[in-house]
Amino acid sequence: MSFLAPAFLAGLLAIGLPLWLHRLSAENPNRRPFSSVMFLEAGEPRRVLAKQLQYLLLLAFRIAVLVALVLAFIQPAIWRDPAAAAAGGQRLHVIVVDTSASMAAGDRWDEAVDTAIDLIDSVPAADQVQLIAAGRVFEIVSSATLDKATVRQQVRSLETGVFFVDFGQLTRALDGVLRTAELPAVLHFVTDAQAAGLPTRFADLSPTEPVEIVVHAVGADEPNWSVGSLFGSALTGELAATVTSHAAAAADRTLEIELNGNVVDRQRVTLEPGSEAVVEFAPLTLQSGANRVRVIMQPGDVLAADDARMLALNRPVPHPVLVVSGELGGTGDTRFLTEAMRVLEGLSLEVTAIGESELAEQEFSDYEFVVVADAAAIDGREADRLSRYVESGGGLLLALGPRSPMLSAVPVTGHAFASQATPLGGRAANAVTIGSIETSHPALAGLDTIRAARFMRYAAVEETAADEVLIRLETGDPLLIERGLGDGRLLLYASSLDRQWNDLPREPAFVPFVAGLADHLLGGAGFTNEAALGSTLALAAMGMSGGQIFGPDGESVLRLGGTDVLLDQIGFYELVGGGRTELVAVNFDGRESDLAPAPEQTLARWQGLGRAPEAVEGGSAVREEVLVPLGYWLLLLILAAAIMESGLGNWHLRVRRGLAA
Amino acid sequence: MASTGVAHPRHLLEPHVLAGLSNLELVARAVVNGFLTGLHRSPFFGFSQEFREYKAYAEGDDPRFIDWNVYARTDRTYIKRFLGETNTRLVILLDASASMGFGSGAVTKLQYAKFLAATLAYLATRQHDAVGLIVFDEDIVDHKKPSSRPGHLHGVLHAIDRAEPGTGTDLARPIERFRQFEKGRGLVAVISDFYCEPEALLAGVRPLAYQGHDVVLFQLLDPEELKPELRESALLEDMESGAAIEVSPSFMRARYREKIDAHISDLKRQATGAGADHVLVDITHPLDEALRSYLLFRHRRG
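The structure displayed is predicted, hence computed values, not measured ones. (Residues numbered from 1 in each chain as written. Chains lettered and ligands numbered in written order. Predicted model: local features only at pLDDT ≥ 70, side-chain atom pairs only at ≥ 80, totals over all residues.)

1. Overview of helix H3 (residues 108-122) of chain A
Residues and elements named next belong to chain A.
- The end-to-end C-alpha distance of H3 is 21 Å, a good match for the 21 Å that 15 residues give at a rise of 1.5 Å each.
- Those residues of H3 lying buried are Arg108, Trp109, Ala112 and Ala116. Down the axis of H3, the buried side of the element spans an arc of 95°, and every buried residue falls inside it. Looking at H3, the residues exposed on the side facing more than 90 degrees away from the buried face are Asp110, Asp118, Asp121 and Ser122.
- Those residues of H3 that are buried are in contact with strand S4 (92-98), helix H4 (148-157) and strand S7 (185-191). (Helix = DSSP H or I, 4+ residues; strand = E, 2+ residues; numbered from the N terminus. Expected span 1.5 Å × (residues − 1). Buried ≥ 20, exposed ≤ 12 C-beta atoms within 10 Å, placed from the backbone. Arc of directions from axis to C-beta. Contact = placed C-beta atoms within 7 Å.)

Structure (C-alpha cells):
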C-alpha cells in the first residue's frame, strides 16, 4: 500500500463534521410537551430503536463517503507482483501488428490480419488481449481486455502506413506498456520481420521486462526494385536517378519522367541482382518557379510505393548582391568571399564588388543583401542608410576587419567593443578556435567542419540581449551574431572575411559557410526541396512568416495558428505565403524497399531473448513489483456509498415523518 | 349611526376574544350577556322578570324579593318567584392540574376552564343560585362553600382567577371534600380533561348521584389532543409525570385517535350509567355550546 499524497490525510478530519451534526441532532430531538401519555403505546420504542439503528447506518455511510473521498485525493496504490496473477494461469497477450510501409507489399497485410485474428482466437478465454499498431510511433489500439470480439474488429480496421519500423526502438517503446502489465505478458509480433528493420545492436531487441516473445513472420522474400534517389540541377535541368535492385534475378525496367504532370523522357535500364544503376536524363526545360519532377519505374512490382520518386526543382532567379570592400583602393579583402559566391550556382548570386569609395553611389534597394567587409569603411551617413535598408527587409553581413580597432562602436548595430586591443598576436600558436556553433540554425546546419579554422585576431564585441550568438570562440567571445532589425536580417562577423585575421577562407568549410550565410540572408531561397518522411516542415524554414501548407492530397495540413506540420504523406507539399509558392517533395523511406526477411536463426535468437515470467520467479532475478492505483475503485466506492446514503437518508426521513410502514 | 367597532354578541363568546379580557368577571358578564342576547326569550332559559308564582317567605330567602304589596293586603310575607329561578346550589369542581396547561391555540385548557367556571358562576348568581367552588389538582387548592350572599360571586371569581396549572390529577380528593361539606342536594359541575380511568372517576361520581346531586362533566380537550397532526416523529413529554415517549405521525393519526375516541365514548357511557351528564368541549369553540348544555342540564334537573 502506498499513499502518493499523504498530506491529504488531514482531510480525514472532515469526518468530524457528520459526527458532530449527528450528535447534535441526537441531543436535540423534536421534544414537545403533551397533556398525557396515557394513550401512547408502549410499542413505540421499538420503532424508535429501528430509527436509531438506521440513523447510525446513515452516519456510517456518510463517514464512508468522506473517507473514500479523502482516500481518492491521497491516490493510494498497492504494490502488486504481476507474477502473482500467474497462479491462476492468466496471461496478457500483447499483439503488436507491424504497419510499416513494407507490409503493403503483395498480400502481406492480408496475411498479417489473418494471423492476428487466428492468434486472438487461439488465446484462452481467461487470458487478456491488448492490440498495438507499430508504425512511425506505436499506437495502443486497445487496452488489456477480455473482449476478444472487439479486438478482432480493431485488427480488421487497421491499415498499413508509409513509415519505417525499427524493431529495436519499438522494443524500447513497448517496455513502458509491459511495465504496467498486471498479468504475465506474452509479446506477439505480427510482422514481415524485415532484416532492414533489425537494430545494429541485437541486444536492443531484448525487452527489459520478463516477457515471452513470439514472432509471427508473414510474407516471403519477394523481388523488389525501387527508385532509390533522384538528383537534379535547378539551374541546368540535368537529372539523374538511382535505381536499386532487391531481387535475385536481373530485370529490365523503364524509367519515365514526368515534369509538371507531362511525360518528357523515358530511359530503359537493366538491373543486375542486388545492384544499383544510375540513369541520367536529358536536361529538363524548367519553368520559372517551382517544378514537379516525378520518376516512375515500370513495370511495377509487389511494393508500388517505392516505384516512384519525386523532386521539387525551384528554378532560381538571379539574386543581386553588393560586396563592399574595406580595402583602400582595391577589393583584395573580399576576393575569397566573391569567388565563393560565384561558385554557388545553386543560389544564382550576381555579385557586384565595389570599393568603399563607391559606396555612396549605390542604391542598396537594388540588392537582395549587402556585405561590408570592414565596418570601418562605413561612415555615419552610410550607416543610417544601411539601417533603413535592413529595416525595410534587406540583408546585411557586417565584418569587423583590420581597421576595427579604430572604431568606438560597431556602425549600424551599435555594439560596443569589450577591449579595443584584442590583437592576440599574429602567430599561429596564439590562435583560438571555435568553441560552439548553433548548428540548429538554418544558416549553419551541418557546418561542424568549420571548427578547423583558426582565428589569430578578432574584435571582441559585447553581446546584448537582442543578439543571438550563432558562433562563439573558445574564449567565449561571439564570432557570429544575428540581430533582427525591422523586417530584415543582420549578421555581424567579428573577424575579417579574408585571411588577415583567420585562415577560414582556406578551409573547405568556407564555401558552405558562405552558402549558408547567403542563403539565410536571401530568406531561404536556396532551400533543398526534399524533406524526409516523418520529419517536420516549418513555414519559417522557408522564409515565410505566415501562410498555409497543403498536403499531397490538396488538403490544408497546417493547424490553425500552427507553424509546422509532420510530413506523413508521400508526394508534394505546397507552401503558399508571402506572395510565393514553394514545393517540397517527400519520398518513400528507402529502408522499407528491401523486403528480405531476417533469417530463421535470427528470428529464433530474437524469440530467445524473451523470458517467461515463471522462469524469473524460480530464478534469482528479483521481479519489480508494479504499483497499481486504486483511484478508480475508490471512485466506484464513493458513487455506491453516495447512492446508498441518498436512499437511506430518504428512508430515514420517511421514518421520521411516519410514512414508512 | 354605524355600528363600527361593536362586536357581535356571538363573537364575544370566542375563546381568543375572551383571552384578551383581563378581568374574569368581565369575561363572565360578556359571555352571559352575549349568550342571553342570542337566546331570544326561550321558554326554558328565560331570564326575564316574568312572574311565575308566589312563595311564602322562609328563613334564608333574600328579603329583597318580598312582595310588599301582598304583605299590605294580607299581612303575610310572600316572595315573588320568576320564570327561571330555581333557588338551587351549584358547586364547580375546577381541575387545575398540569395537563390543563396544554393548549395549541390562543387559550389553554385551564384558561378555557376558568372562563367556563366564571361564566357558570355568574349565570347561577343571576338565577339566584348559591355558588360554590373547589379548585384541585392532586390536592385541594381552593375551596369556596356555596352561598348566594351578595359579594360571594367576587370571592368565587377571584378563586377561579388564582388557579394555575399545578401537578397531577386526583379527582377522588375534590369529590371526597365535596361529600364532606355538601350534604344538601344540588348541581355539581366538574370541569376537567379527565385523563383518568373512567371507572375510577365514576366510582367517585356515583355516590354523588346517590345523594341526589346532579352531576355534569365538562371534558375540555384541545384539537391537538383530539386530532393530533405531527409532521415528523416527536418525543412527547407528559406534562404531569414528565415521562416521554417518542411517537410517529402515523401512530398519532390512526391508533391514538382511536384510543382517545374510545376513552371519550367510555367516559360518556359510564357517566350516563352513573346518572351524570357528559359534555365534550373543544376549547377552540365558543362557550355558548357549553352554556347551552348546562342550561339544558339544569332545566332537566330543575
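2. Thoughts on the packing of helix H6 (residues 335-343) of chain A against helix H8 (residues 510-521) of chain A
Residue and element names in this part refer to chain A.
- In the contact formed by H6 and H8, the axes pass within 9 Å of each other and the chain directions differ by 75°. The orientation of H6 relative to H8 falls into the category roughly perpendicular. Contacts from Phe336, Leu337, Ala340, Met341 and Val343 in H6 reach Phe510, Val511, Val514 and Ala518 in H8. (Axes fitted to C-alpha atoms, helices over the stretch in contact; angles between N-to-C directions. Parallel < 35°, antiparallel > 145°, perpendicular 65-115°, else oblique.)

3. A few points about unusual backbone geometry
- A cis amide bond links Gln298 of chain A to the next residue, Pro299 of chain A, at an omega of -5°.
- Residue placement: Pro299 of chain A occurs in the loop between strand S14 (289-298) and strand S15 (308-315).
- Residue Asn260 of chain A is not a glycine yet carries a positive backbone phi of 50°.
- Locating Asn260 of chain A in the fold gives a position in the loop between strand S11 (251-259) and strand S12 (262-271).
- Phi is positive for Asp75 of chain B, which is not a glycine, with a value near 65°.
- Mapping Asp75 of chain B onto the fold places it in the loop between helix H3 (68-74) and strand S2 (78-82).

4. Observations regarding the interface of chain A and chain B
- Each side of the interface is counted separately: chain A has 20 residues, and chain B has 30 residues.
- Of all the elements in the fold, those that place two or more residues in the side of chain A that touches chain B are strand S2 (31-34) and helix H2 (44-74) of chain A.
- Relative to strand S8 (residues 234-238) of chain B, S2 of chain A is paired through 4 bridges, and the arrangement is parallel. Across the sheet, the residue bridging to Arg32 of chain A is Leu236 of chain B, located in S8 of chain B. (Pairing = 2+ DSSP bridges.)

5. Brief notes about the sheet that holds strand S6 (residues 138-145) of chain A
Residue and element names in this part refer to chain A.
- Within the open sheet, the 5 strands sit side by side as S6-S5-S4-S7-S8. Their pairing is mixed. The outermost strands of the open sheet, each flanked by one partner alone, are S6 and strand S8 (212-217). Recorded for the sheet is a direction-independent mean angle of 15° between the axes of neighbouring strands.
- Lying over the sheet, H4 contacts S4, strand S5 (128-134) and S6, oriented at roughly 165° with respect to S6.
- Packed onto the sheet, helix H5 (residues 167-179) meets S4, S5, S6 and S7 and runs at close to 30° relative to S6.

6. Considerations on the pairing of strand S24 (residues 488-493) of chain A
Residues and elements named next belong to chain A.
- Across the 6 residues of S24, 6 count as buried, placing the element largely inside the fold.
- Both faces of S24 are covered, namely the face carrying Gly488, Leu490 and Leu492 and the face carrying Arg489, Leu491 and Tyr493.
- In the sheet, strand S19 (residues 395-399) pairs with S24 via 5 bridges, with the strands oriented parallel. Across the sheet, residue Ala399 finds its bridge partner in S24, namely Tyr493.
- Hairpin connection between strand S23 (residues 478-485) and S24: a loop of 2 residues separates the two successive antiparallel strands, and Gly486 in this loop has a positive phi of roughly 60°.

Such coordinate-based values are descriptive only and should not be taken to indicate function.
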